[in-house]
Structure formats: C-alpha cells, structure tokens
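# Secondary and tertiary structure notes
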Amino acid sequence: MRPPSSPAFSDNLLTRLAGAGRVAVLTGAGISAESGVPTFRGDEGIWKKFRPEELANVNAFMRNPELVWEWYKHRKTLMATVQPNPGHAALAAMESHHAQVTVITQNIDDLHRRAGSHNVLELHGNINRNYCIACGTSVSNEDILRQEAAPRCPACRGLVRPDVVWFGELLPVDIWDESVRAAERAEVFFAIGTSAVVHPAASLPGIAKKAGAYLVEVNIEDTELSWHADEVLIGKAGDILPRLLNSYVSLSH
Ligand code: BJW
Ligand code: ZN
C-alpha cells in the first residue's frame, strides 16, 4: 500500500507534463521554507510582531529606516547561509525535459539561480542588491553589513535601500511583461508555495489559465487560488516536485 504522504499523480497531469514544450512556474516563499527561509504569512511567518505590509513599504522605510534595515540585515545574513532544496533542484532539472521552463519568482533569495535554473524572472527584486535612493549608486552587501543601523551611500551619503519591490511600488516593467508572456504561452503552469494574495504576481496563474494552461498548485494547504486550479497537490514542494519529475520523466522514456 502507498503511504499517505506519497499520493500518486493523475495520469492527466503526467501525460500533459511528459508532452509539454513550455512550462511556467510562479514560486513564493513556501518553496524556500524547506531551505530555512521563513515565509511571510501564517504561523511560520517572519517576525510575528509585524505584518509584511508594515515593513515592506517606502513610508515605513522613510519613517524608520533603522527598523526596516534591521529586518533586511537579519534576512541578508540568514539568506547568505541557506542552500537550495530538492524543490528548487527539481525545477532546475525540468529544463532537460521541456523546450522552455520559465521560473517566475516572488522570492528575493536567489535560490532558483543557485539551484541551476537558467530562466528566472525575479518579480520582487533580489536581496543581494542595494542602491542609494538619492543618486542610484549600487552598494554591496559587504558595505551594508559593515555599516551600523541604516547604511549610507559611499558617494553622496544618501540613504541606501535594498533593491526589492515594496507595497505600492511598481514591479520592474520588462520582467513583468516577460512573466505575462511566459504565463500566456505555458502549456502547464505551476503555482508553488505562494499564498497568492499579493498582486500583480497573484494574477499570473489566472492569466495562464485563461490562455489555456493546465494550472497546478503545490502548497501545504489550500489558498485563494485552489479553487481555480485544475489540480491542487497538497504537500511540501521539496517532496512533491522531485517525485512528480521522476513520475513523468519515466513516463516519457
Ligand atoms: C509551502 C511550504 C512548503 C509553506 N511547500 N508550500 C490588486 C488587488 C488587491 C491589491 C492590489 C492589487 N494590485 C496591487 C495591489 C496592492 C498590493 C497588494 O497586492 N496588496 C495585497 C496584499 C492586498 N501590491 C503591490 O503594492 C505591488 N505593487 C503594485 O501593484 O504596483 C502597482 C501599484 C502602484 C501604486 C499603488 C497601487 C498599485 C507590489 C507588491 C510587492 C510585494 N513585496 C513583498 C516584499 C518583497 C521584498 C522582501 O522580500 O522583503 O513581496 S511583500 C511579500 O509578499 C513578498 C512576497 O514576495 C509576497 C508574496 O508572499 P508569498 O511568497 O506568497 O509568501 P506567503 O508567506 O504569503 O505564503 C507562503 C505560502 O507557502 C503559504 O501559502 C504556505 O502555505 C506555503 N508553504 N511551506 C509548499 N514547504
Ligand atoms: Zn548616493
């Protein structure tokens, strides 16, 4: 008998994946949870005393840059120590089985690229970059972590911020456009480890489905997206994705 933690995948999903040329994936904090990066929301959410909306916005930063930097320095230090997990690795390995795999991520942790994915679209920036809000100069993480409290620009002494997208800010337009194109062209679209509440990223699964993609959600629990999905795979991404890959790769040989 199959153990309850290892449910079989539907023939429909395996056949679609085995024959799919273009696959697109939207990932959220949940895919990095098994690497030790905390998620934003729910019981495991970062810093229970603040909601992400209270820290990840430019007003909070201008009001109290020291507090916002405390949060980011803590996360920079943590993210420098973590490693990609089997979920990231399975997505990278999918590239050998499809003409195109696009990983659209809301995460800023760089773990997809480090796992070997080549086509990564970072919707919300990258924790390893920082820039001066006065003159735009890039400032290295080493510089940031050396400085006390809220770091200053070496060129003009302006405030430096992490190169990430906060609430109320526009996503990088070219990356967003490319993500929409990938969603519209995907034959299979995965939403993995995201609560799907933050827009516009959360609209990508709907865009993909409307354009004809088979929509698959991978999460440890149901989300706002679940009832739109063609299949909901409940479990940890680091468990489900490697098993799924093995299942359809063996089918296509
Ligand atoms: C597992 C697991 C395991 C755990 N395996 N699964 C339309 C409607 C409503 C609102 C808006 C809208 N359009 C715009 C808005 C406003 C706003 C918004 O969406 N607000 C909502 C919250 C209501 N959006 C914006 O402001 C965006 N900008 C924008 O739209 O610009 C246009 C504009 C300009 C001016 C005015 C108005 C509009 C920008 C959004 C930027 C989000 N930034 C952050 C911070 C990034 C930097 C940083 O990391 O510090 O991005 S907030 C935070 O949330 C971060 C994440 O990328 C993002 C999404 O979170 P995610 O990844 O889904 O994580 P969680 O924690 O929520 O969920 C984890 C999931 O994993 C859970 O479901 C778990 O169950 C699961 N899980 N372990 C599988 N092992
Ligand atoms: Zn400057």
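About the cut-offs
- Residues numbered from 1 in each chain as written.
- Chains lettered and ligands numbered in written order.
- Predicted model: local features only at pLDDT ≥ 70, side-chain atom pairs only at ≥ 80, totals over all residues.
- Heavy atoms only, no water.
- Helix = DSSP H or I, 4+ residues; strand = E, 2+ residues; numbered from the N terminus.
- Phe/Tyr/Trp six-rings, centres within 6.5 Å; stacked < 30°, edge-to-face > 60°.
- Lys NZ or Arg CZ within 6 Å of the ring centre and 35° of its normal.
- Contact = heavy atoms within 4.5 Å.
- Polar contact = N/O pair within 3.5 Å; in protein donor to acceptor, adjacent residues only side chain to side chain.
- Domains from an automatic or database assignment.
- Buried area = accessible area lost by both parts, 1.4 Å probe.
- Salt bridge = Lys/Arg side-chain N within 4 Å of Asp/Glu carboxyl O.
- Nonpolar A, V, L, I, M, F, W, Y, C, P; charged D, E, K, R; others polar.
- Buried < 20%, exposed > 50% of the residue type's maximum accessible area, 1.4 Å probe, protein only.
- Arc of directions from axis to C-beta.
- Core = buried A, V, L, I, M, F, W, Y, C linked by side-chain atoms within 4.5 Å.
- Donors = N, O, S within 2.8 Å, 3.2 Å for Na, K, Ca; no water.
- Tetrahedral: all angles 85-135°; square planar, octahedral: opposite > 155°, others 65-115°.

## Details of unusual backbone geometry
Cis rather than trans, the peptide bond between His199 and Pro200 has omega equal to 5 degrees. Within the element layout of this structure, Pro200 appears in the loop between β6 (188-192) and α10 (204-210). One non-glycine residue, Arg157, lies in the positive phi region at around 70 degrees. Looking at where Arg157 falls in the secondary structure, it is placed in the loop between α8 (141-146) and β5 (160-164). We note that Ala196 has phi near 55 degrees; this positive angle belongs to a residue other than glycine. Along the chain, Ala196 turns up in the loop between β6 and α10.

## Examining the packing of aromatic side chains
Centre-to-centre distance and the angle between the planes together describe a pair of aromatic rings. Inspection of every chain in the model, using the stated rule, returns 3 aromatic pairs. Residue placement shows Arg75 over the ring face of Trp71; its charged tip is 4.4 Å from the ring centre. Positioned above the aromatic ring of Trp166 is the side chain of Arg161, whose terminal nitrogen or guanidinium carbon lies 3.9 Å from the ring centre.

## Structural notes on the environment of Asn57
With respect to the helices and strands, the residue Asn57 is situated in the loop between α3 (52-55) and α4 (58-63). With 75 residues separating them along the chain, Asn57 and Cys132 place their C-alpha atoms 16 Å apart. Residues in contact with Asn57, not counting those within four places in the same chain, are Trp166 and Phe167. Polar side-chain contacts of Asn57 include one of 2.9 Å to the backbone nitrogen of Asn59.

## Here we look at the domain arrangement of the chain
Once the domains are mapped, the chain shows domain 1 (11-36 + 84-124 + 171-252) and domain 2 (45-80 + 130-164). Between the C-alpha centres of domain 1 and domain 2 the distance comes to 29 Å. With both chains or domains summed, domain 1 and domain 2 bury close to 370 Å², and 63% of this area falls on carbon and sulfur atoms. Considering only the side of domain 1, the residues that lose the most area to domain 2 are Ile108, Asp109 and His124, jointly responsible for 73% of the buried surface there. Applying the counting rule to domain 1 against domain 2 returns 0 salt bridges. For the pair domain 1 and domain 2, the interface holds 0 residue pairs in polar contact (both at pLDDT 80 or more). By residue class, the composition of the side of domain 1 that touches domain 2 is 1 nonpolar, 2 polar and 2 charged.

## Focus: the pattern of salt bridges
Using the criterion set out here, one finds 10 salt bridges in the structure. Arg113 serves as the salt-bridge partner of Asp110, at 3.4 Å between the closest nitrogen and oxygen. The class of Arg113 is partly exposed, set by a relative accessible area of 40%.

## A closer look at helix α1 (residues 11-19)
Buried residues of α1: Leu13, Leu14 and Leu17, and no others. Down the axis of α1, the smallest arc covering the buried residues is 95 degrees, so these residues share one side. Exposed residues on α1 whose side chains face more than 90 degrees from its buried face are Asp11, Thr15 and Gly19.

## Section: the nonpolar core
Counting residues in hydrophobic clusters, the biggest one holds 27 residues, and the most contacted among them are Phe190, Ile192 and Leu244. Mapped onto this core, the elements with two or more residues apiece are α1, β1 (22-27), α6 (86-93), β2 (100-105), β6, β7 (214-219) and α11 (237-252). Broken down by element, this core gets its largest block of residues, 7 residues, from α11. Here Leu244 is in contact with Phe9, Leu13, Leu14, Leu17, Phe190 and Leu233, once residues within four sequence places are set aside. Within the second largest apolar cluster, 23 residues are counted, among which are Ala60, Met79, Ile127 and Ile144.

## Section: the environment of Ser203
As for its placement among the helices and strands, Ser203 is situated in the loop between β6 and α10. By relative accessible area, which is 25% here, Ser203 ends up partly exposed. Within the structure, Ser203 has its side chain in polar contact with the backbone oxygen of Pro200 (distance 2.5 Å).

## Regarding the coordination of the zinc ion (ligand 2)
Taken together, Cys132 (SG), Cys135 (SG), Cys153 (SG) and Cys156 (SG) make up the protein donors of the zinc ion (ligand 2), found 2.2 to 2.4 Å from the metal. One can describe the site at the zinc ion (ligand 2) as tetrahedral: its 4 donor atoms subtend angles covering 100 to 115 degrees at the metal. Summarised as a motif, the one-chain spacing of the donors to the zinc ion (ligand 2) is C-x2-C-x17-C-x2-C. Of this pair, Cys132 sits in strand β4 (residues 125-132) while Cys153 sits in the loop between α8 and β5, and the two are 21 residues apart along the sequence. The exposure class assigned to Cys153 is buried, which follows from its relative accessible area of 0%.

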